[in-house]
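Structural overview for review
This is what each chain is made of:
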Amino acid sequence: MFEHFWHRTWTRLSKHVDAPLLLITGLIMITGLATVYSATYDANNRLFAQSLNMLVGLCAMWVVAQFPPQKLMGFGVPLYIVGVILLVFVFLFGVKVNGARRWLSLGFTRIQPSEVLKIAVPLMLAWYFHKHEAMLKFRHYVVACLLLLVPFALIAKQPDLGTAILVGAGGFYVIFFAGLPWQVIFGLAAAAGAAAPFVWTMLHDYQRKRILTLIDPTSDPLGAGYHIIQSTIAIGSGGTFGKGWLEGTQTHLEFIPERHTDFIFAVFSEERGLLGNSILVLLYFLLVARGLMIAANASTLFARVMAGSVALSLFTYVFVNMGMVSGILPVVGVPLPFMSYGGTALVTLSIGIGILMSIQTHRMLVRK
């Protein structure tokens, strides 16, 4: 009786869980938890808080996985509308911190509505393309671009370039997988290149300084170039096998800024070296590859473009974060998935994995 109960419970809990996705994500989370502990060993409350963040993320992943893709599609329009309205509220009534207006105050807490758009924009665009699948024409791609441009512009205006890039990338991947012609892609790339001087004039002073510092960090070693200089020193000092867990001097002497959040890759690199980095990159590669495999085997247009967007958005997170920490991209506020300390981004990413699980497991049930 007791054994039968546990068997039924386990079957129910694991029914819509994709084992490869859970295994890879779990390994990265465990690695991230160990690295957060090393980066904040003098503040153990952060280890406990991050453990709770990961538990909440796993719960969110499981809950989302229970919904079939058809029901997930239904959340696209209301989430998008609510998200855009909240962004307008941020623009009008948002709380300004360190020169950026990104948060809404609810009295007892603050929320960052732009995080909602990381999921809402791909869901909305995937719903839109699925609705018009039988008669997709050029005008549908134009409408989709406008739907993407509205939240992108509102987030960039806050200013929050990192989140704007992630929202824009997630939306673009949906449009790409929906069949955007290559001629249009090349045309947009050419237009973006031609508009670069105009965009440069619209950037904030600190954003232009970050780009210029990327070219020569030593031009401002104690200011804008400090982050890049210290993170590259940490990465290089790790050598082939690293200095060992809790043995990173750049980390524990507090040379690395934001070492438990955006620059956690520098901490990991110093302690684990090139070998550890290679294993971590392999785990991310397997996670993205699994997502693209799910997209390739999806049975509907919505499932295909949504899975593809989630998978390539994960790639964007990893590429941008590792790129900025390594000094090949400007410094923007993009966390390393399932590694960086913080709850909001971790839950958002977990929801993305949950969507992949939903698409994969419900497809398998249909086949059975």
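Before going into details, it helps to say that this report is about the structure given with it. This is a predicted model, so every value here is computed, not measured.

**Observations regarding helix H9 (residues 182-202)**
A rise of 1.5 Å per residue sets the reference length of H9, with its 21 residues, at 30 Å; its end C-alpha atoms lie 28 Å apart and thus fit the reference within 8%. Of all the bends in H9, the greatest, near 50 degrees, is centred on alanine 196, and the proline proline 197 appears no more than four residues after it.

**Details of the pattern of salt bridges**
Taken as a whole and assessed by the stated rule, the structure comprises four salt bridges. A salt bridge links arginine 290 to aspartate 18, with the nearest nitrogen and oxygen atoms 2.7 Å apart. Taken as a pair, arginine 290 in helix H13 (residues 264-296) and aspartate 18 in the loop between helix H1 (2-14) and helix H2 (19-39) lie far apart in primary sequence, 272 residues in all. As far as the burial class goes, arginine 290 and aspartate 18 line up, both buried.

**Looking at the side chain of glutamine 360**
If you trace the backbone, glutamine 360 turns up in helix H15 (residues 344-367). By relative accessible area, glutamine 360 is classed as buried at 9%. The contact partners of glutamine 360, leaving out residues within four places of it in the chain, are Asp18, Arg290 and Ile294.

**What to know about the pairing of strand S2 (residues 100-105)**
Note: strand S1 (residues 95-97) against S2, three bridges, orientation antiparallel. When the bridges of S2 are listed, lysine 96 appears paired with arginine 101. As paired strands, S2 and strand S3 (residues 110-111) are joined by two bridges and run antiparallel to one another. Bridge pairing in S3 links serine 105 to arginine 110.

**What to know about the sheet that holds S2**
Here three strands make up an open sheet; going across it, the order is S1-S2-S3 and the pairing antiparallel. Looking at the sheet topology across the chains shown, the edges are occupied by S1 and S3. Packing against the sheet, helix H5 (residues 76-93) makes contact with S1 and S2, and its axis sits at approximately 110 degrees to S2.

**What to know about the nonpolar core**
Phe338 and Ile353 are the most contacted members of the largest nonpolar core, which totals 82 residues. Top contributing element to this core by residue count: helix H14 (residues 301-326), with 14 residues. Apart from the residues within four sequence positions on either side, isoleucine 353 is in contact with Leu21, Thr25, Met61, Leu287, Leu314 and Phe338.

**A word on the side chain of aspartate 160**
Within the secondary structure, aspartate 160 is located in the loop between helix H7 (138-156) and helix H8 (161-177). Buried within the structure, aspartate 160 lacks any salt-bridge partner; its nearest side chain of opposite charge belongs to arginine 102, at an N-O separation of 4.1 Å.

Rules and cut-offs
- By convention here, each chain's residues receive numbers from 1 onward along its written sequence.
- In keeping with the model being predicted, local features are shown solely for residues with a pLDDT of at least 70 and side-chain atom pairs are shown and tallied solely at 80 or more, while totals for entire chains, interfaces and linings include all residues.
- Computation of side-chain values: all heavy atoms of the structure, hydrogens and water removed.
- Note on conventions: DSSP H or I runs of at least 4 residues are helices, E runs of at least 2 residues are strands, and numbering of each starts at the N terminus.
- Expected span of a helix, by definition, is 1.5 Å for each gap between consecutive residues, and there is one gap fewer than residues.
- Fitting axes to the seven residues that end at a residue and to the seven that start at it, the angle between those axes gives the bend at that residue.
- Counted as salt bridges are all cases of a side-chain nitrogen of Lys or Arg within 4 Å of a carboxyl oxygen of Asp or Glu.
- Accessibility here uses a 1.4 Å probe with only protein chains present; expressed as a share of the type maximum, an area under 20% marks a residue as buried, one over 50% as exposed, and anything in between as partly exposed.
- Residue contacts are defined here by distance: any two heavy atoms, one from each residue, within 4.5 Å place the two residues in contact.
- Strand pairing is defined by DSSP finding a minimum of two bridges between the two strands.
- Fitting a line to C-alpha atoms yields each axis, with helices limited to the stretch in contact; the angle taken between N-to-C directions then spans 0 to 180 degrees.
- By nonpolar core we mean a set of buried residues, namely Ala, Val, Leu, Ile, Met, Phe, Trp, Tyr and Cys, connected to one another through side-chain atoms within 4.5 Å.
- Under the convention used here, Asp and Glu are negative, Lys and Arg are positive, and both His and the chain ends fall outside the count.

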